[in-house]
Amino acid sequence: FATNASALPAAPLNGLTRLFVITSGGTASASEMVINGLRPYMPVITIGATTFGKPYGSQPRDACGTTYSAVSLEVANVLGEANYANGFVANCPMSDDLTRELGDPAELRIGAALSYITTGICPPFASVPPANGAQARRARALQESVLTGEYVPGFGEVRRPAAVVD
């Protein structure tokens with residue numbers, strides 16, 4: 001530990017004037033806490049789809065061979081704002097583009113974010129050109145598995161319970 005505060009490095013957010021977050025229905029928990037926690041301090045622009053809506057936390061407890069995960073906390077920002085159980089609606093709604101690799105500037109959400117950063121406005125919706133090859137087949141297979149309910153989220157992904165209706 002440094003004994004002198006001036007010897008500590010600058011906070012990583014010093015100088016940050018706005019934050020862009022690419023969102024989907026799977027954006028939840030810690031990501032939503034970052035969005036909500038920074039909103040009182042700077043513009044947080046969400047691009048994509050409405051987030052999952054998980055302002056709650058729990059601590060699993062075992063009792064008589066059963067594990068219970070009752071809601072035990074609600075996360076609020078400095079203004080006391082915590083009511084985002086229905087998620088954050090995207091400031092700049094944009095379809096997901098499963099035909100392009102993650103990080104590709106031509107992908108709709110990444111492209112919208114880059115355009116918004118440059119121009120200061122949300123670009124209009126652009127259609128996705130049809131893709132060919134293995135990448136397009138993977139995207140169609142993923143979309144089909146989500147629609148049929150066969151999709152199983154991977155590590156770190158969130159899936160709404162079947163009883164929740166949008």
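Read on for an overview of the structure. All residue numbers here refer to positions counted from 1 along the written sequence of the relevant chain. For a predicted model such as this one, the threshold for reporting local features is a pLDDT of at least 70, and the threshold for listing and counting side-chain atom pairs is 80 or more; totals across whole chains, interfaces and linings nevertheless cover every residue. Excluded from the side-chain calculation are hydrogens and water; included are all heavy atoms of the structure.

Brief notes about the state of the cysteines
Among covalent bonds in proteins, the disulfide is the one between the sulfur atoms of two cysteines.
Phase 1 of the analysis: Cysteine sulfur atoms that pair up within 2.5 Å are treated as a disulfide. Taken as a whole and judged by the stated rule, the model has one disulfide.
Phase 2 of the analysis: Note that Cys92 is cross-linked by a disulfide to Cys122, the S-S spacing being 2.0 Å. Between Cys92 and Cys122, the S-S torsion sits near 75°, and that sign places the bridge as right-handed. Here Cys92 is found in strand 7 (residues 92-93), whereas its partner Cys122 is found in the loop between helix 2 (108-119) and helix 3 (133-148), with 30 residues between them in sequence.
Phase 3 of the analysis: Throughout this description, buried means an accessible area under 20% of the type-specific maximum (1.4 Å probe, protein chains only), exposed means over 50%, and partly exposed covers the range between. Among the residues examined, Cys92 registers a relative accessible area of 0% and is labelled buried.
Phase 4 of the analysis: Assessed through its relative accessible area of 28%, Cys122 is described here as partly exposed. Runs of H or I in DSSP of at least four residues are treated as helices and runs of E of at least two as strands, each being numbered from the N terminus.

As for the nonpolar core
Where a protein is soluble and globular, its nonpolar side chains tend to be buried together.
Phase 1 of the analysis: Counting residues in hydrophobic clusters, the biggest one holds nine residues: Phe20, Ile45, Ile47, Cys92, Met94, Leu108, Ala112, Ala113 and Tyr116.
Phase 2 of the analysis: Counting residues per element, the ones that place at least two in this core are strand 2 (44-48) and helix 2.
Phase 3 of the analysis: If one sorts the elements of this core by residue count, helix 2 sits on top with four residues.
Phase 4 of the analysis: We call two residues contacting when some pair of their heavy atoms lies within 4.5 Å. When sequence neighbours within four positions are dropped, the list of residues in contact with Tyr116 reads Arg18, Phe20, Ile45, Ile47, Cys92, Ile121 and Cys122.
Phase 5 of the analysis: Put simply, buried Ala, Val, Leu, Ile, Met, Phe, Trp, Tyr and Cys residues joined by side-chain atoms within 4.5 Å make one nonpolar core. Within the second largest apolar cluster, eight residues are counted, among which are Leu19, Val21, Met42 and Tyr84.

Let's talk about the packing of aromatic side chains
Phase 1 of the analysis: Two aromatic rings from Phe, Tyr or Trp, using only the six-membered ring of Trp, form a pair when their centres are within 6.5 Å; if the ring planes differ by under 30 degrees the pair is stacked, by over 60 it is edge-to-face, and anything between is tilted. This structure, assessed with the given rule, holds two aromatic pairs.
Phase 2 of the analysis: For the ring pair Phe20 and Tyr116, a centre distance of 5.4 Å and an interplane angle of 70° mean the geometry is edge-to-face. Residue Phe20 is found in strand 1 (residues 19-23), and its partner Tyr116 is found in helix 2; the two are separated by 96 residues along the sequence.
Phase 3 of the analysis: Here Tyr116 falls in the buried class, since its relative accessible area comes to 15%.
Phase 4 of the analysis: When the ring of Tyr84 is compared with that of Phe88, the centres are 4.7 Å apart and the planes differ by 25°; the resulting orientation is stacked. Of the two residues examined, Tyr84 and Phe88, each falls in the buried class.

So, helix 1 (residues 30-38)
Phase 1 of the analysis: Where helix 1 is concerned, the buried positions are Glu32, Ile35, Asn36 and Leu38.
Phase 2 of the analysis: In this fold, the buried residues of helix 1 make contact with strand 1 and strand 2.

Some points on the side chain of Thr46
Phase 1 of the analysis: Summarising the element assignment, Thr46 is placed in strand 2.
Phase 2 of the analysis: Look past the residues within four positions of Thr46 in its chain and what remains in contact with it is Val21, Thr23, Ile35, Arg39, Val89, Ala90, Asn91 and Cys92.

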